[in-house]
Amino acid sequence: MENYTYNSFTLQMEGLKITKETMYPVFFLYLTSYIVIMVMNIGISSLIVIDKNLHQPMYLLLCSLSVSDIIGSTNIMPRLLSDILRPPSERLTSYYECVLQAFTTQFFGTTSHTVLMIMAFDRYVAICNPLRYAAIMTSNMVVKLTVSAWGVAFVLVGILLGLTIRLNRCRTLIMNPFCDNASLFKLSCESVFINNVFGLTYTVVLLSASIGSIVLTYAKITVVCVTSKNQSLNSKALKTCSTHLMSYLIMLCSGFIVIILHRFPQYSDYRTLSAILFVLVPGSLNPIIYGVQSKEIRTFLFEMFCRRKCLVCEVSGSTASLAVSRPGTAGDQPVTEQPAAAAAGWQAGH
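Criteria and thresholds
- Residues numbered from 1 in each chain as written.
- Predicted model: local features only at pLDDT ≥ 70, side-chain atom pairs only at ≥ 80, totals over all residues.
- Heavy atoms only, no water.
- Helix = DSSP H or I, 4+ residues; strand = E, 2+ residues; numbered from the N terminus.
- Buried < 20%, exposed > 50% of the residue type's maximum accessible area, 1.4 Å probe, protein only.
- Contact = heavy atoms within 4.5 Å.
- Areas by Shrake-Rupley, 256 points an atom, 1.4 Å probe, with all protein chains shown as cover.
- Axes fitted to C-alpha atoms, helices over the stretch in contact; angles between N-to-C directions.
- Parallel < 35°, antiparallel > 145°, perpendicular 65-115°, else oblique.
- Left-handed = near helix turned anticlockwise from the far one by under 90°.
- Nonpolar A, V, L, I, M, F, W, Y, C, P; charged D, E, K, R; others polar.
- Expected span 1.5 Å × (residues − 1).
- Core = buried A, V, L, I, M, F, W, Y, C linked by side-chain atoms within 4.5 Å.
- 1 Å grid on protein atoms, 1.4 Å probe; cavity = no way out; pocket = protein on both sides within 12 Å on 5 of 7 lines; lining within 4 Å.
- Points joined across faces, edges and corners; volume = space filled by probe spheres on them.
- Disulfide = S-S within 2.5 Å.

**Q** How would you summarise the overall build of the protein chain if you had to cite specific residues and measurements?
**A** When its secondary structure is counted, the protein chain shows eleven helices and three strands. The buried share of the protein chain, reckoned over its 350 residues, is 45%. Within the protein chain, residue pairs in contact and separated by at least 24 positions form 78% of the contacts whose partners lie at least 6 positions apart. Of the roughly 19000 Å² of accessible surface on the protein chain, 69% is carried by carbon and sulfur atoms.

And the structure:
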């Protein structure tokens with residue numbers, strides 16, 4: 001007969017099933033991926049904040065997507081990396097910490113959809129109503145859309161986790177490398193019928209709204225591009241929409257794999273891998289996709305690189321001029337003459 005520990009506040013994480021030989025390679029692979037995600041997303045967000053030319057609705061929404069990726073990766077990766085280096089018996093966490101991680105995990109997954117939905121609306125207005133774009137996508141509208149995307153996700157995930165934490169727990173093993181809602185309510189020996197019904201409804205509503213909005217907006221954009229003979233419009237639509245659609249499909253496919261594999265316990269190892277890839281793949285590809293396609297971001301990076309290169313050249317030229325202007329024979333050169341020589345060398349370099 002199985003022994004149960006009721007409502008324990010100490011839980012054990014299953015973690016990744018890896019051998020001692022593969023422990024360090026896997027650790028450094030995930031660590032590198034996490035560093036890449038953080039550097040690129042923080043870099044993109046910083047560029048958008050610094051450069052006033054990027055203070056446009058499209059880039060402000062992209063900044064919101066980067067913040068979502070930062071939250072999602074930071075919520076999962078540090079704990080996962082530390083657990084890789086620990087033996088299974090020491091992969092312990094508190095119940096409240098697990099609930100917080102589960103909330104953030106579901107919140108990240110939901111905002112990934114809602115933020116991309118409002119980005120699709122922005123592309124629709126820009127292409128289908130270009131003359132009214134400035135009037136519709138005002139700063140106030142961007143704030144409202146962003147708050148709605150994050151607010152709706154917060155409320156839905158709050159209800160989802162609220163139904164889970166009401167359950168009594170009789171198990172302590174989290175059958176996942178990190179905490180999420182499904183892993184939490186699987187700890188209970190009570191009926192989880194309500195959780196399954198709401199969870200299924202939540203998933204269907206979110207995916208229906210997400211896929212429906214993408215299909216609707218892109219159908220209208222396609223109609224406009226087909227009926228219009230404006231090559232400039234069609235080129236712009238293809239460039240901006242392809243980046244958004246690529247990001248959405250990557251996120252959608254990764255999420256679908258996780259949801260489907262949760263229903264098949266025999267494929268737990270594949271589910272674990274796909275859940276981690278749901279964080280790593282979109283988070284690392286989104287900055288690359290948008291950075292490569294965005295002319296404004298490429299221009300800003302090019303100008304910044306040129307400024308730094310010119311500064312290095314000026315410093316090198318000043319140093320060379322200083323060396324030439326100083327006498328090569330006098331080891332007894334008075335120290336007091338060095339500032340004058342340096343000033344002459346600087347002027348000669350400029």
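**Q** Could you give an account of the packing of helix 5 (residues 139-165) against helix 7 (residues 193-227), naming the residues involved and the relevant values?
**A** Running from amino to carboxyl end, helix 5 crosses helix 7 at an angle of 165°, the nearest separation of the two axes being 9 Å. As the angle between them shows, helix 5 and helix 7 are arranged roughly antiparallel. In this structure, the crossing between helix 5 and helix 7 has a hand that is left-handed. Each of Leu 156, Val 157, Ile 159, Leu 160, Leu 163 and Thr 164 in helix 5 lies in contact with helix 7, whose residues at this interface are Ile 194, Asn 195, Phe 198, Gly 199 and Tyr 202. Residues belonging to the contact of helix 5 with helix 7 are distributed by class as follows: eight nonpolar, three polar and no charged.

**Q** Could you give an account of helix 5, with specific residues and numbers?
**A** An α-helical segment advances 3.6 residues per turn. Residues three or four places apart therefore align on the same side. Compared with an ideal rise of 1.5 Å per residue, which puts 27 residues at 39 Å, helix 5 spans 38 Å between its outermost C-alpha atoms and is within 8% of the ideal. Here helix 5 has its buried residues at Val 142, Leu 145, Ala 149, Trp 150, Ala 153, Val 157, Leu 160, Leu 161, Leu 163 and Thr 164. For helix 5, the elements touching its buried residues are helix 2 (57-84), helix 3 (95-128), helix 6 (181-185) and helix 7.

**Q** Explain the nonpolar core residue by residue, including any values.
**A** Core analysis: the largest hydrophobic core is formed by 80 residues, its most contacted members being Tyr 30, Leu 62, Ile 84, Ile 174 and Leu 184. It is helix 3 that provides the largest number of residues to this core, a total of 17 residues. Beyond its immediate stretch of four places on either side in the chain, Ile 174 contacts Leu 11, Gln 12, Met 13, Glu 14, Cys 98, Cys 179, Ser 183, Leu 184 and Leu 187.

**Q** Can you tell me about the layout of surface pockets, naming the residues and giving the values?
**A** Its boundaries defined by the atoms lining it, the second largest pocket holds a volume of some 450 Å³. Residue lining of the second largest pocket: 19 residues in total, with Met 58, Arg 123, Lys 236, Thr 240 and Glu 296 positioned closest to the centre. For the lining of the second largest pocket, the elements supplying multiple residues, two or more each, are helix 2, helix 3, helix 8 (231-261), helix 9 (268-293) and helix 10 (295-325). Broken down by element, the lining of the second largest pocket gets its largest block of residues, five residues, from helix 8. Taken together, the residues of the lining of the second largest pocket break down into seven nonpolar, six polar and six charged.

**Q** Mind laying out the packing of helix 1 (residues 20-50) against helix 2, listing which residues take part and the relevant values?
**A** Axis separation between helix 1 and helix 2 bottoms out at 9 Å; the angle between their running directions is 155°. Classified by the interaxial angle, the pair formed by helix 1 and helix 2 is roughly antiparallel. Relative to helix 2, helix 1 is oriented so that their crossing is left-handed. Of the residues belonging to the contact of helix 1 with helix 2, the class tally is 21 nonpolar, five polar and one charged.

**Q** Break down the state of the cysteines for me, with residues and values.
**A** All told, the structure shown has two disulfides when counted by the stated rule. Disulfide partner of Cys 98: Cys 179, at an S-S distance of 1.9 Å. Its torsion about the S-S bond being -110°, the disulfide of Cys 98 and Cys 179 is classed as left-handed. Here Cys 179 lies in the loop between strand 3 (173-174) and helix 6 and Cys 98 lies in helix 3, a separation of 81 residues in the sequence. Paired through a disulfide, Cys 170 and Cys 189 show a sulfur-sulfur distance of 1.6 Å. What sets the handedness of the Cys 170 and Cys 189 disulfide is the S-S torsion sign, and at about 80° it is right-handed. Placement of Cys 170 in the loop between helix 5 and strand 3 and of Cys 189 in the loop between helix 6 and helix 7 is noted, with a sequence separation of 19 residues between them. The exposure class assigned to Cys 189 is partly exposed, which follows from its relative accessible area of 40%. In the protein chain, numbering the disulfide-bonded cysteines from first to last in sequence yields the connectivity 1-3, 2-4. You can see Cys 128 has no disulfide; the closest cysteine sulfur is in Cys 225, sitting 7.4 Å from it. We classify Cys 225 as buried; its relative accessible area is 17%.

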